[in-house]
Amino acid sequence: MEVIPPYLFGPADPDRAGLSVICDLDTGILDLVVRGRFGRRSAADTFTGLRKCLAEHPAAIVVDLLDFDDPLAASAAMWVAINRKAAALHPPVRFTVAVAPGTPLRDRFARLGVERYFPVRSTPQQARTAVAGSVPWTQRLQLIHLAPDELSACAARNLVGAACEAWRMPDLLHPARLIVSELVTNAVEHAGTDVTVTVWRRGTGLHLSVRDGDPRLPRLLDPSPGGRGAGLRVVGARATAWGAMATRDGKLVWATLRTAR
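What counts and what doesn't
- Residues numbered from 1 in each chain as written.
- Predicted model: local features only at pLDDT ≥ 70, side-chain atom pairs only at ≥ 80, totals over all residues.
- Heavy atoms only, no water.
- Axes fitted to C-alpha atoms, helices over the stretch in contact; angles between N-to-C directions.
- Helix = DSSP H or I, 4+ residues; strand = E, 2+ residues; numbered from the N terminus.
- Parallel < 35°, antiparallel > 145°, perpendicular 65-115°, else oblique.
- Left-handed = near helix turned anticlockwise from the far one by under 90°.
- Contact = heavy atoms within 4.5 Å.
- Buried < 20%, exposed > 50% of the residue type's maximum accessible area, 1.4 Å probe, protein only.
- Pairing = 2+ DSSP bridges.
- Arc of directions from axis to C-beta.

J.: Any chance you could break down the packing of helix α6 (residues 173-190) against helix α7 (residues 231-238) for me, citing the residues and the numbers?
T.: The description of two packed helices rests on the angle between their axes and on the distance between the axes. Axis separation between α6 and α7 bottoms out at 9 Å; the angle between their running directions is 150°. Considering the angle they form, α6 stands roughly antiparallel to α7. In this structure, α6 crosses over α7, and the sense of that crossing is left-handed. Here α6 contributes Leu178, Ile179, Glu182, Leu183 and Asn186 to the contact with α7, which in turn contributes Gly231, Leu232, Val234, Val235 and Arg238.

J.: Outline the pairing of strand β5 (residues 60-64), supporting the account with residue identities and numerical values.
T.: Of all 5 residues making up β5, 5 are buried, and the element is well covered by its neighbours. For strand β3 (residues 29-34) and β5, the ladder comprises 5 bridges, and the chain directions are parallel. Bridged to Val33 within β5 is Asp64. The sheet contact formed by β5 and strand β7 (residues 94-98) spans 5 bridges and is parallel. Its bridge partner lying in β7, Ala60 is registered against Arg94.

J.: Could you give me a rundown of helix α4 (residues 124-132), with the residues and numbers involved?
T.: Along an α-helix, residues three or four positions apart point the same way, because every turn accommodates 3.6 residues. Looking at α4, one finds that the buried residues are Ala127, Arg128 and Val131. The arc enclosing the buried residues of α4, seen along the axis, measures out at 100°, which places them on a common side. Of the residues in α4, the exposed ones pointing more than 90 degrees away from the buried face are Gln125 and Thr129. Where α4 is buried, its residues contact β2 (19-24), β3, β5, β7 and β8 (120-121).

J.: Describe in detail the sheet that holds β8, supporting the description with residues and values.
T.: Adjacent strands of a sheet pair through backbone hydrogen bonds, lying either parallel or antiparallel. What the 5 strands build is an open sheet, ordered β2-β3-β5-β7-β8; its pairing is mixed. Each edge of the open sheet carries a strand with a single partner, namely β2 and β8. As judged from the 2 bridges shared by β7 and β8, these two strands associate in the parallel manner. Note that in β8 the partner of Val97 across the bridge is Val120.

As structure tokens, then:
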């Protein structure tokens, strides 16, 4: 199943399966809620949504299945497969699910012994607690409440420069500075709100995120003769993956980069 960037999650029901995704900027954890009845169509949509989540390379993914109807527990193999993909990333992405006790899916998990591979808990908070202790939080640099003006892009470029120097990633310096500059400039021009810029270390790569107060997701535009509209295409050409998702008070646009090592 091919999934190509940008990986976009809107504010409500971004995929037909009834998925909603929220990113915690402080921990790098994605909270994903899956609703509705499991079937062939919803399985494809859910798997696609989870692939989008993994493309962001978060610190962890917490899946809330409390409103997920799977009377035959037919989705069990899908969750095991997603965990396998998450564990294969470098660094591995922690994966956990919240499933109500006494449901067919929870019983199937018990029979399969999936707790050997990922935590299964009864509530989303318990699931989050199960992975939170293993999520590194020190490997990040952040600028908050940047004003919506041209100086913010300069500050963001300097932040990336400091990150690449501290984490010894000189080969990512130029593309990362270019990407974060385009993301911040786009937020300043189209959102017009304060901006938060975060740079995470992800193994031998970087994860860049720009958060603003406008819930509208970015759109790829055909470049105009004057050069406008090309910013996100520059991001797409240089990033390993990129996308956006709604937050409680706006949106977050992100991009990941990998070194050649």
